[in-house]
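# Structural features, examined
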Amino acid sequence: MNSKCVHRRGLLRGMGAVALGLPHLEALANQETKSETTTKRFVAISAGLGFHAPNLFPQMPGRLDTSTPYLESLSDHFDHLSLFSGLSHPEQQGNNGHASSLTFLTSAQRPGLAGFKNTISIDQQIAKHVGLQTRLPFLALSSRGGSSLSWTDTGVSIPGENSPERLFQKLFIAGKPGDVQREIDELQRGRSILDTVNRRAEQMSPRLSQQDRRKLGEYFSSVRDLEVRLQQQAAWAKRPKPEVDAEPLQDIDDKTAAIEKQRLMYDLIVLALQTDSTRVVTLELGGLNAVPKVKGVASDWHGLSHHGKDPNKIRELERIELAEFNAFSDFLERLKSIHDNDQSLLDQTAILFGSNLGNASAHDWHNLPIVIAGGGFRHGNYIAHDSENNTPLANVFVTMAQHMGVETDRFGSSTAAGIRGLDWA
């Protein structure tokens, strides 16, 4: 590749410390004769214990300023982000105070109560459209493990990956000779099993009730999705993994090192987006029923989130949440520093950062704290929607889907294809 190609595509740099080399592609050598296209990406992040609203929202809407501590931590990125209040999903009272975390990216109503059935999350809707273009159709991540923000089209929770070390190896570490063939053989066996189960299920169909046929239809839909993913994985298994000039990530065993774990997840997301290993990522930032490793904090994090307006508790809570915002700010800085096709990775990536709780102390799911960053939107403002009659957050999801090339004008509980204050630049 000539020097111009190397500068533009062959070498991607982040924060001057990590360099990622793409494998040689014919398209790179012919770069001067081919039109350049912009790759779109989507990241959704939710903090399950919320944020203390007075430390985030200014007194008045308008241009962003440093009048609150959390905004001050994001001040370097005001031209690349927008802050929204007055957004929520309708009917989020559930079987417990944190049940709205189940529906943050779906907008299904009354989470966890009798008869509740979740729906597809917006990341999975997008992954259906763009997932076949990358090694992994999506990443569903969690800083604590177990759950994630992602749900299938049949309302099944997708387990969250909580090991950056394991995922780093999966994405970037080449296996020994023969590993690829063994992986392909396993994928072939998986398809064979699906074929057998499919035939047996079809034989049962004429004898089933209407309700059972509906359940069987949902099952067939899931099987078809899995078959497509198996075919995709088989194709990618034969391709070389991206070369990463970075030390492998190491998991953090100390569960109280919550902020360090968040930072590690952000590092992984940057690497995954930078190498185009995926274009769709969700990250659940779980809190702790323990004292986090944050200077000046000596109380249980979950307990602090239920501060009851106690100023001492709020001061400790602020230290934790400010550390979260600082970690998010550094994540934005890394994305801003990486350029692809003369555009920053941040400009190419639409990021939704917020929480399913507006007032965690009262388990209130109204007036959610929502930050939209990157994505080529017009930024720099705090937009306050009606605090009494909230605008559906799902309206934002429609815009995010459109950003990713999905032709749609509705999603979940949306009432419009977009919201006031979120416009293309």
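Residues numbered from 1 in each chain as written. Predicted model: local features only at pLDDT ≥ 70, side-chain atom pairs only at ≥ 80, totals over all residues. Heavy atoms only, no water.

Scanning the chain from terminus to terminus reveals 12 helices and 15 strands. Residues counted as buried form 52% of the 425 residues belonging to the chain. Considering only contacts in the chain between residues 6 or more positions apart, those separated by 24 or more positions represent 68%. Summing over all exposed atoms, the chain offers an accessible surface of approximately 19600 Å²; the carbon and sulfur share of this is 49%. (Helix = DSSP H or I, 4+ residues; strand = E, 2+ residues; numbered from the N terminus. Buried < 20%, exposed > 50% of the residue type's maximum accessible area, 1.4 Å probe, protein only. Contact = heavy atoms within 4.5 Å. Areas by Shrake-Rupley, 256 points an atom, 1.4 Å probe, with all protein chains shown as cover.)

Within a regular strand, the side chains alternate between the two sheet faces. By the criterion of burial, strand E12 (residues 349-354) is predominantly enclosed, with six of the six residues buried. Residues of E12 alternate between two faces, with Thr 349, Ile 351 and Phe 353 on one and Ala 350, Leu 352 and Gly 354 on the opposite face, all of them buried. Of the strand pairs in this sheet, strand E3 (residues 41-47) and E12 are connected by six bridges, and their pairing is parallel. Bridging from a neighbouring strand, Phe 42 pairs with Ala 350 of E12. Pairing analysis gives five bridges linking E12 to strand E13 (residues 370-374), with the strands arranged antiparallel. Within the sheet, the bridge partner assigned to Phe 353 lies in E13 and is Val 371. (Pairing = 2+ DSSP bridges.)

Attention shifts here to the pattern of salt bridges. In total, this model carries nine salt bridges according to the counting rule given. The closest approach of N and O atoms between Asp 330 and Arg 263, which form a salt bridge, is 2.7 Å. Pair noted here: Asp 330 is in helix H10 (residues 311-337) and Arg 263 is in helix H8 (residues 258-274), with a separation of 67 residues, a long-range link. Here Arg 263 falls in the partly exposed class, since its relative accessible area comes to 30%. When the shortest N-O distance is used, the salt bridge between Glu 333 and Lys 336 registers 4.0 Å. Of the two residues, Glu 333 and Lys 336 both sit in helix H10, three residues apart, roughly one turn of that helix. Take Lys 336: its relative accessible area is 19%, and that puts it in the buried class. (Salt bridge = Lys/Arg side-chain N within 4 Å of Asp/Glu carboxyl O.)

Our next topic: the environment of Asp 340. Checked against the element boundaries, Asp 340 lands in strand E10 (residues 339-340). Taking the C-alpha atoms as reference, Asp 340 lies 8.6 Å from Gln 274; in sequence the two are 66 residues apart.

To continue, consider the sheet that holds strand E7 (residues 139-142). Reading across the sheet, the eight strands line up as E4-E14-E5-E13-E12-E3-E9-E7 and stay open at both edges, with mixed pairing between neighbours. Two strands bound the open sheet, and with one partner strand each, they are strand E4 (62-63) and E7. By the bridge criterion, four bridges tie E7 to strand E9 (residues 280-285) in an arrangement that is parallel. Looking at E9, one finds that Leu 139 is bridged to Val 281. On the sheet, helix H4 (residues 122-130) packs against E3 and E9 and is oriented at approximately 160° with respect to E9. (Axes fitted to C-alpha atoms, helices over the stretch in contact; angles between N-to-C directions.)

With that settled, consider the nonpolar core. If you look at the biggest cluster of nonpolar residues, it comprises 48 residues, and the most contacted ones within it are Ile 45, Tyr 266, Ile 269, Phe 328, Phe 331, Ile 351 and Phe 353. Counting residues per element, this core draws most heavily on H8, which supplies nine residues. When residues no more than four places from it in sequence are discounted, the contact partners of Tyr 266 are Ile 45, Leu 283, Leu 285, Ala 327, Phe 328, Phe 331 and Phe 353. Within the second largest apolar cluster, 35 residues are counted, among which are Phe 104, Val 280, Leu 368 and Ile 383. (Core = buried A, V, L, I, M, F, W, Y, C linked by side-chain atoms within 4.5 Å.)

The residue Glu 91 is located in the loop between strand E6 (87-88) and H4 in this model. Owing to a relative accessible area of 36%, Glu 91 belongs among the partly exposed residues under this scheme. Apart from residues lying up to four places away in sequence, Glu 91 is in contact with Gln 109, Arg 110, Pro 111 and Trp 365. Within the structure, the side chain of Glu 91 is placed 2.7 Å from the side chain of Gln 93, a separation counted as a polar contact. (Polar contact = N/O pair within 3.5 Å; in protein donor to acceptor, adjacent residues only side chain to side chain.)

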